[in-house]
Amino acid sequence: MTTSNIPWTINILTLFPEMFPGALNYSLVGKAMAKNLWQLNPINIRDFATDAHKSVDDTPFGGGAGMVLKADVLDAAYQSLGPDQVFPTYYLSPRGKPLTQETVQKLSTAPGLNLLCGRYEGVDERFLQKRGIEELSIGDYILSGGELAAMVLIDACLRLRPGILGKEASFQDESFCKGLLEYPHYTRPQVWEGEVVPEVLVSGHHARICQWRQEMAEKMTEMRRPDLWMLYKKKED
Ligand code: ADE
């Protein structure tokens, strides 16, 4: 088997392995999984609990609400990954570095990924420190666990992998690649509820269309995302 025949592998450490593949079983990424371009390996953290009750968590030292996933159980699950699964490992957490398209691009070129999904209050800090596990957040809001965040991350990476999106061009043109939001799109009918498609788009004049799209992308970014607009202007100068 050549390297290119080995599916891109994502190991997921989770208390809810049955949540996977979930949404990732559909559309282009689902088809790509059926074609063996990538594979998911959910690992149930509870399988590595050692006591009679199969406990995976305990109360936090210092008191307070919630439960904390135990370092010893987490590590047993993590160490169960074989020596051929030494991939970049991330813990999905609202405390993590915000996930950006730039990070997604980097992760999509890794040989594979190991993702840890937390539940409850969090995980024992010593496990993250000892194993050098970085944290990633998909946004400034709190989900009830890392599983949905892992799916977001996986989907974003997969669509950048070779053979998954139909046309390479369809993502090159998109928001965030050039630091701008996408221009508006229109399709038939040309008039809908009295609203007419911008004239330039039916002109057949390629250069004018390009210029219009660029202007619209800039306008939308300036209006909706002043933070991105500032970065874009800085890069242009
Ligand atoms: N787990 C809970 N909330 C999260 C978030 N916003 N991003 C990543 N993982 C999470």
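The structure we're discussing is the one just above.
As the structure is a prediction and not an experimental result, all values here were calculated from the model.

### Quick word on the overall build of the chain
When its secondary structure is counted, the chain shows eight helices and 10 strands. Relative to its length of 237 residues, the chain is extended, with a C-alpha radius of gyration of 22 Å against a globular reference of 18 Å. With the C-alpha coordinates aligned to their principal axes, the bounding extent of the chain is approximately 70 × 50 × 40 Å. Here the chain holds 237 residues, and the buried ones make up 41% of them. Taking as baseline every contact in the chain between residues at least 6 positions apart, the subset at least 24 positions apart corresponds to 73%. When the accessible area of the chain is evaluated, it comes to approximately 14500 Å², of which 54% is carbon and sulfur surface. Put simply, the chain has 25 plus and 30 minus side-chain charges, and the middle of one group is 4 Å from the middle of the other.

### What to know about the side chain of D124
Among the secondary structure elements, D124 is positioned in the loop between β7 (122–123) and α4 (125–130). With sequence-adjacent residues up to four places away left out, D124 is seen in contact with V68, L69 and A71.

### Points about the pairing of strand β2 (residues 38–44)
Residues in a regular strand point their side chains to alternate faces of the sheet. Taken together, the seven bridges between strand β1 (residues 8–14) and β2 define a ladder with parallel strand orientation. Bridge pairing links T14 to N44 in β2.

### A closer look at helix α5 (residues 147–158)
Spanning 12 residues, α5 covers 16 Å between terminal C-alpha atoms, matching the ideal 16 Å at 1.5 Å per step. With nine of its 12 residues buried, α5 lies for the most part within the structure. Of the positions making up α5, those classed as buried are E147, A149, A150, M151, L153, I154, A156, C157 and L158.

### Description of the site of the ligand
Contacts to the ligand come from 13 residues, most closely from S93, I138, G139, Y141 and L143. G139 is positioned such that a nitrogen or oxygen atom in its backbone is 3.1 Å from a nitrogen atom of the ligand. Within the contact set of the ligand, a nitrogen atom lies 3.0 Å away from a backbone nitrogen or oxygen of L143. About the coverage of the ligand: the protein hides 97% of its 260 Å² of free accessible area.

The rules behind these values
- Residues numbered from 1 in each chain as written.
- Predicted model: local features only at pLDDT ≥ 70, side-chain atom pairs only at ≥ 80, totals over all residues.
- Heavy atoms only, no water.
- Helix = DSSP H or I, 4+ residues; strand = E, 2+ residues; numbered from the N terminus.
- Rg over C-alpha atoms; globule rule 2.2 N^0.38 Å.
- Buried < 20%, exposed > 50% of the residue type's maximum accessible area, 1.4 Å probe, protein only.
- Contact = heavy atoms within 4.5 Å.
- Areas by Shrake-Rupley, 256 points an atom, 1.4 Å probe, with all protein chains shown as cover.
- Lys, Arg positive; Asp, Glu negative; His and termini not counted.
- Charge placed at Lys NZ, Arg CZ, Asp CG, Glu CD.
- Pairing = 2+ DSSP bridges.
- Expected span 1.5 Å × (residues − 1).
- Near = heavy atom within 4 Å.
- Polar contact = N/O pair within 3.5 Å; in protein donor to acceptor, adjacent residues only side chain to side chain.

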